[in-house]
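Remarks on the overall topology
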Amino acid sequence: MESIIKKLNWIYYGQMVIALIVLSAMYYAFSKGLYEPLDRMSQTGQMVQYIIIFDALLTIPLGLYIVKYFKPQTPEKYFKLAATRILLVSNSMPLGIFAFYWMGGYKSMLWVAAIAAIAWYFSKPTLGKMEEEMKPQDPNEETY
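Here the structure is a predicted model, which is why all the values come from computation and not from measurement.

**Considerations on the packing of aromatic side chains**
Taken as a whole and judged by the stated rule, the model has 11 aromatic pairs. Between the aromatic rings of Tyr 27 and Tyr 101, the centroid separation amounts to 6.2 Å while the plane-to-plane angle is 70°, which identifies the pairing as edge-to-face. Remark: Tyr 101 occurs in helix 4 (residues 92-102) and Tyr 27 occurs in helix 1 (residues 2-32); sequence separation between them is 74 residues. When the ring of Tyr 65 is compared with that of Tyr 69, the centres are 5.9 Å apart and the planes differ by 40°; the resulting orientation is tilted. Note that Tyr 65 and Tyr 69 are positioned in helix 2 (residues 43-70) at a spacing of four residues, about one turn of the helix. Exposure remark for Tyr 69: the relative accessible area of 54% places this residue in the exposed category. Put simply, the rings of Tyr 27, Phe 30, Tyr 35, Phe 100 and Tyr 101 pair up and form one aromatic cluster.

Here is the structure:
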């Protein structure tokens, strides 16, 4: 089980590396004036905003819920579901950062990236979380 957590941590921290690469590249391009910022009120700018916001609205809750819904019984299935959770939850981070710089520093896109980063934090794989999520749920147990 520890080897699965190590593999998941590679995916987990790999997503942060991707976000940092996007951040560095876009900051460099923005500061050097290598592109013309997109007008956020143009039709293209609004479409980009809608896509990124709807992506965050769909993938973050889905990613946080996917392991609980499918209740994996084997470590292999848990690995697939937990990796999917990490990828779904964190995909809005680089997209939000990219849109923030592409639109000339539009703070709403930075908020989307921040929300994805908070959700990404809660998807951190640990041995305790894996054991808890793989534990069979007793249907006769009371829930409050």
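**Observations regarding the environment of Pro 72**
As for its position among the elements, Pro 72 is in the loop between helix 2 and helix 3 (75-90). Overall, Pro 72 belongs to the buried group, its relative accessible area being 3%. Distance in space between the C-alpha atoms of Pro 72 and Ile 115 is 27 Å, their sequence separation being 43 residues. Look past the residues within four positions of Pro 72 in its chain and what remains in contact with it is Val 67, Lys 77, Tyr 78, Leu 81, Glu 133 and Met 134.

**Comments concerning unusual backbone geometry**
Although it is not a glycine, Lys 71 adopts a positive phi angle of roughly 40°. Within the secondary structure, Lys 71 sits in the loop between helix 2 and helix 3.

Conventions used here
- Residues numbered from 1 in each chain as written.
- Predicted model: local features only at pLDDT ≥ 70, side-chain atom pairs only at ≥ 80, totals over all residues.
- Heavy atoms only, no water.
- Phe/Tyr/Trp six-rings, centres within 6.5 Å; stacked < 30°, edge-to-face > 60°.
- Helix = DSSP H or I, 4+ residues; strand = E, 2+ residues; numbered from the N terminus.
- Buried < 20%, exposed > 50% of the residue type's maximum accessible area, 1.4 Å probe, protein only.
- Contact = heavy atoms within 4.5 Å.

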